[in-house]
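Structural overview for review
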Amino acid sequence: MSTATLTLLALGVVNVVVALLLAPLYEGIMRKLRAALHSRKGPPITQPYWDLAKLLGKEDLRSARGALYTLTPALTLGAVLTLALFVPMGARPPLGMAGDIIVVIYVTAMSAVLLMLTAFAGGGPYASVGGSREMMMLLTVEPVMAVALLVGAVKARTLAVSGIVSWQAAHGPTLSTVIAGVAFFLALQAQAGKLPFDVPEADQEIMGGPLIEQSGPRLALFRWALWSKQLVLTVLLVELFVPWPRLGIFPADLALTLLKALVVLLLVALVEVVNPRLRIDQAMGYYMRVAFSSLAALAFAVIGM
Amino acid sequence: MMVDNATVRRLSEVLRERLGPAVRDVKRDAADTLRFVLDRGAVRAAVTALNDEFNARFLISAGTDRRPLSGDYGIEHLFSIDREHLFVVLECAVAPDDARIDSITPIIPGANWAEREFRDVIGVSPEGHPDPRRLIVADDWPADIHPLRRDVPHDCRPEPAVGVRQPLADPPAGANVFAMGPFFPVLEEPSYWRLFTEGETIVGCDFRGFYNHRGIEKLGDSALTYNEIPYLAERICGICGFIHSACYCQAVEKAAEIELPRRAAYIRTLMLELERIHSHLLWLGIAGHILGFDTVLMQVWRIREPVMWLAEEISGNRKTYGMNTIGGVRRDLPDHLVPKLLEVLATLEKECVAVRDAIVGDTILHARAKNVGPLSNDWAKRVCVAGPTARGSGVAIDARIDHPYAAYDEVPVRIAVEQEGDTWARVVVRVNEVLEAIRLMRETVRAMPNGPIVAELAGEIPAGRTAVSVVEAPRGEAVHYVITGGDNRPYRWRVRAPTYPNLQAVPEMVKGQNIADVPITLGSLDPCFSCTERVEALDVRTSELRVYTHDELLRLSPWHRGEEPR
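Residues numbered from 1 in each chain as written. Chains lettered and ligands numbered in written order. Predicted model: local features only at pLDDT ≥ 70, side-chain atom pairs only at ≥ 80, totals over all residues. Heavy atoms only, no water.

Thoughts on the interface of chain A and chain B
Contact with chain A, which involves 25 residues of that partner, is made by 28 residues of chain B. Carbon and sulfur atoms make up 57% of the surface buried where chain A meets chain B, a total of about 2,200 Å² over both sides. Counting the surface chain A buries against chain B, the share from its top three residues, Gln204, Pro276 and Arg279 of chain A, is 29%. Across the contact surface, chain A and chain B share four salt bridges. For Glu205 of chain A, the salt bridge is made with Arg368 of chain B, and the minimal N-O distance between the two is 3.8 Å. For the interface between chain A and chain B, the tally reads twelve residue pairs in polar contact (both at pLDDT 80 or more). (Contact = heavy atoms within 4.5 Å. Buried area = accessible area lost by both parts, 1.4 Å probe. Salt bridge = Lys/Arg side-chain N within 4 Å of Asp/Glu carboxyl O. Polar contact = N/O pair within 3.5 Å; in protein donor to acceptor, adjacent residues only side chain to side chain.)

What follows is the structure in structure tokens.
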């Protein structure tokens with residue numbers, strides 16, 4: 001094997017390890033911040049790992065049959081890990097190719113679609129309501145993300161994530177990319193399933209929505225996938241819209257990226273703590289407005305601002 | 001009291017004029033209570049007259065098995081004419097061989113449950129009732145046993161009956177059923193709301209409740225004595241128990257004409273307001289939680305904690321103080337606690353103002369609470385809701401003002417009223433009431449007279465007296481009605497908790513709303529169903545506690561005995 005292939009392989013391993021093994025830690029830190037703002041002591045930051053370990057060791061109970069239903073937890077986690085391979089983490093993305101931002105958009109949607117399929121397969125009313133809310137959120141949040149990515153693409157004149165990152169690193173912030181970055185951040189809140197946009201899960205209304213009938217290892221995999229997704233998308237955000245400074249030394253760049261991701265996720269946790277939950281129509285209305293505002297960013301990008 | 005005798009005269013005249021000889025008798029049970037003894041056929045006409053001419057508000061109905069006394073069943077409808085500070089009781093005798101009476105629900109929708117309840121427990125059927133399904137008895141309770149009849153012992157355990165279960169309402173064509181309950185996380189207590197939905201929009205709903213009916217009234221008139229009942233009454237509610245023991249004691253004091261020492265009245269006022277503060281703060285936290293706003297829950301419960309400590313210092317308990325007794329209270333407020341009490345109130349007031357400002361300025365809270373769960377002024381009056389639920393819809397009633405008790409005649413309340421009738425209005429009413437309660441507590445402590453805290457009781461409580469008593473609980477007015485009996489216990493003790501009328505308003509409030517709005521709409525009533533989460537059995541001889549397992553409970557269920565599951 002050539003060195004280039006080996007490097008890519010190594011980068012791939014790094015990305016998967018970050019997405020899988022660090023995601024629960026980020027969740028743990030977010031919980032700690034939440035607790036602090038609640039005047040609580042909160043669980044130890046390693047609690048999410050223990051949660052996963054406990055759930056993975058439990059009996060596997062299923063409320064529906066069929067190969068797809070059986071596989072959805074694994075497929076969801078798989079989709080998120082695939083996404084991780086398209087995201088640069090301190091270096092170029094392990095699976096970069098021309099036009100890969102389209103793939104990123106698709107793969108991001110995939111985990112949500114799989115969760116929806118799981119919800120509808122069980123047939124329970126809470127899961128069904130959760131599933132349809134998941135779909136409505138997906139339909140309004142994905143366009144925001146897509147437009148934000150497209151702004152980067154227009155500026156860098158490439159449809160490759162790595163191309164956008166290097167253009168950004170070289171040229172510094174512009175009006176359109178800043179707006180697009182903010183829009184991406186707002187979409188992240190919903191993608192991470194955090195308040196005020198955790199409408200599809202809404203514990204107090206539909207008791208966890210799509211996840212209500214999941215337990216044990218299946219629940220563990222879904223949880224893990226959602227935590228990983230939240231981290232991977234955050235890394236994508238910081239790499240695309242705040243890639244500076246680029247030191248060129250991989251471990252330093254990786255550490256910097258992860259640190260920036262922590263700051264962003266703490267902001268996400270902060271927004272979560274100070275907001276009650278929106279209703280689905282209000283959440284959709286909100287993202288429609290964000291989508292239209294990000295279209296302005298696209299217009300700015302086209303005229304070169 | 002402030003009852004105007006001209007009103008009493010006019011009331012008698014109007015009813016006599018409209019009903020003629022059907023008015024058998026008019027009695028003045030107490031200065032503020034007027035009783036009309038009617039032919040049972042005249043009950044609807046009498047209710048119409050009270051409704052049209054006097055704006056009377058229905059409180060509750062009481063059914064009494066009077067066969068050992070007068071050979072009949074007594075049905076009494078209790079009303080309050082709030083502006084006149086007057087209670088009106090319509091009493092009808094119903095013969096046991098023709099146990100029927102005209103239903104008043106077609107005139108007063110708020111009488112719906114009350115009439116179904118006396119049908120269940122006494123066996124007098126309300127004729128022409130729009131929804132005559134069983135209400136409070138269990139699904140397998142035999143149809144021919146009416147638990148509040150005198151010949152049914154309080155520990156009666158009939159063989160479970162088959163095929164008597166109440167049918168649940170069917171959804172309209174094209175609608176789905178979204179079950180909220182019998183156990184649902186934000187309801188905390190069992191109650192079953194079947195929401196009929198099209199998409200996420202609610203087109204109707206059906207209710208089944210009373211899963212934990214504890215037979216408290218039955219125990220009161222068959223197993224306990226006058227002075228034991230306050231401790232049972234206090235356990236009617238785990239949050240506002242003091243309200244119920246105070247309300248019961250007031251009813252007995254009124255019936256027996258016992259004068260409450262002023263200091264006792266002030267201590268009751270103090271504890272009632274203390275309870276209002278901690279109840280409203282508890283509610284505010286839960287309301288935040290229902291909307292996913294756990295920061296509100298955690299912070300509000302943090303500032304509530306010193307209130308609980310204060311209650312513990314005064315009474316020895318955080319909750320369920322055991323302080324009320326007939327004729328007074330059992331614990332004095334020691335002088336050395338007063339500075340501490342004022343200090344806690346000062347901190348609390350500062351923090352409550354901060355919470356209020358934070359809530360009032362939160363735009364998402366506005367979005368989630370404004371125009372959500374609307375209850376119109378007209379419907380609020382017709383369903384006879386009470387407390388903040390009524391005051392949030394512009395119905396300016398408050399038992400502390402309309403029927404002053406304890407020391408509220410000397411420490412008057414400033415009523416909090418909002419007009420909008422939505423969840424937001426109910427939030428605002430309660431938040432303002434917390435601040436008002438803090439002010440009231442300060443005034444009470446400042447004005448508290450010295451003296452005895454319990455009245456000397458002169459002899460036995462005479463039999464055959466009646467009294468209506470109300471206390472403004474945090475959720476609305478609690479009503480206790482007592483008919484005194486001969487064996488050192490009430491002949492009949494009727495309790496109406498404020499959630500009883502308030503829940504009946506829910507179907508109208510959720511119609512056309514989103515599923516997401518139902519928890520907070522229900523929550524905005526501050527509902528209080530009952531407080532048992534699982535079945536524990538305590539063997540009193542061996543003090544052994546045993547918790548039933550899932551399988552054991554399943555074996556006891558009707559489903560297990562071969563009935564179709566719902």
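Some details on empty space enclosed by the protein
Residue and element names in this part refer to chain B. Evaluation of the coordinates by the stated rule reveals seven cavities of 30 Å³ or more. There is about 600 Å³ of room inside the largest cavity. What lines the largest cavity is a set of 29 residues, among which Phe210, His213, Arg214, Ala497 and Phe529 lie closest to the centre. Among the elements of the structure, α4 (112-121), α5 (216-222), β15 (490-496) and α16 (499-503) are those that each provide at least two residues to the lining of the largest cavity. (1 Å grid on protein atoms, 1.4 Å probe; cavity = no way out; pocket = protein on both sides within 12 Å on 5 of 7 lines; lining within 4 Å. Points joined across faces, edges and corners; volume = space filled by probe spheres on them. Helix = DSSP H or I, 4+ residues; strand = E, 2+ residues; numbered from the N terminus.)

A short note on the sheet that holds strand β9 (residues 192-198) of chain B
As a general point, the strands of a sheet are linked pairwise by backbone hydrogen bonds and lie either parallel or antiparallel. All names here are of chain B. Strand order in the open sheet made by the three strands is β8-β9-β10, with antiparallel pairing throughout. Whereas interior strands pair on both sides, the edge strands pair on one side only; in this sheet they are β8 (176-180) and β10 (201-208). Averaged over all pairs of adjacent strands, the angle between strand axes in this sheet comes to 25 degrees, irrespective of strand direction. Bridge count for β9 against β10 is seven bridges, and the pairing is antiparallel. Across the sheet, residue Phe196 finds its bridge partner in β10, namely Gly204. (Pairing = 2+ DSSP bridges. Axes fitted to C-alpha atoms, helices over the stretch in contact; angles between N-to-C directions.)

Here we look at the pattern of salt bridges
All names here are of chain B. Applying the stated criterion across every chain, the model contains 59 salt bridges over all chains. Between Arg18 and Glu53 there is a salt bridge, with its nearest N and O atoms 2.8 Å apart. Remark: Glu53 occurs in helix α2 (residues 43-54) and Arg18 occurs in helix α1 (residues 5-19); sequence separation between them is 35 residues. When its relative accessible area of 41% is taken as the criterion, Arg18 is described as partly exposed. A residue is classified by how much of its surface remains accessible, and Glu53, at 37% relative accessible area, is partly exposed. In this structure, the salt-bridge partner of Asp29 is Arg35, at a minimum N-O distance of 2.8 Å. Judged by relative accessible area, Asp29 falls into the partly exposed class, the value being 24%. On the basis of relative accessibility, which here comes to 3%, the residue Arg35 falls in the buried class. (Buried < 20%, exposed > 50% of the residue type's maximum accessible area, 1.4 Å probe, protein only.)

Considerations on the packing of helix α1 (residues 3-37) of chain A against helix α2 (residues 47-56) of chain A
Residues and elements named next belong to chain A. Their axes nearest at 7 Å, the elements α1 and α2 cross at an angle of 125 degrees. Viewed along their axes, α1 and α2 adopt a mutual orientation that is oblique. Taking contact as the criterion, the partners of Leu21, Leu22, Pro24, Leu25, Glu27, Gly28 and Arg31 in α1 are, on α2, Gln47, Pro48, Tyr49, Asp51 and Leu52. In the contact of α1 with α2, the residues fall into seven nonpolar, two polar and three charged. (Parallel < 35°, antiparallel > 145°, perpendicular 65-115°, else oblique. Nonpolar A, V, L, I, M, F, W, Y, C, P; charged D, E, K, R; others polar.)

What to know about unusual backbone geometry
The omega torsion of the bond from Leu195 of chain A to Pro196 of chain A falls at 0 degrees, within 30 degrees of zero and hence cis. Examined against the element boundaries, Pro196 of chain A turns out to sit in the loop between α7 (175-191) and α8 (203-206). Pro182 of chain B follows Gly181 of chain B through a cis peptide bond whose omega is 0 degrees. Along the chain, the position of Pro182 of chain B falls in the loop between β8 and β9.

What about α2 of chain B?
Residue and element names in this part refer to chain B. With twelve residues, α2 ought to run about 16 Å at 1.5 Å a step, and its terminal C-alpha atoms sit 16 Å apart, in line with that. For α2, the set of buried residues is Val43, Ala46, Val47, Ala49, Leu50 and Phe54. Angularly, the buried residues of α2 cover 160 degrees about the axis, an arc narrow enough to put them on a single face. Those residues of α2 that are buried are in contact with α1, β2 (33-38), β4 (72-81), β5 (86-94) and β6 (100-102). The first or second residue beyond α2 is Asn55, which carries a positive phi of 55 degrees. (Expected span 1.5 Å × (residues − 1). Arc of directions from axis to C-beta.)

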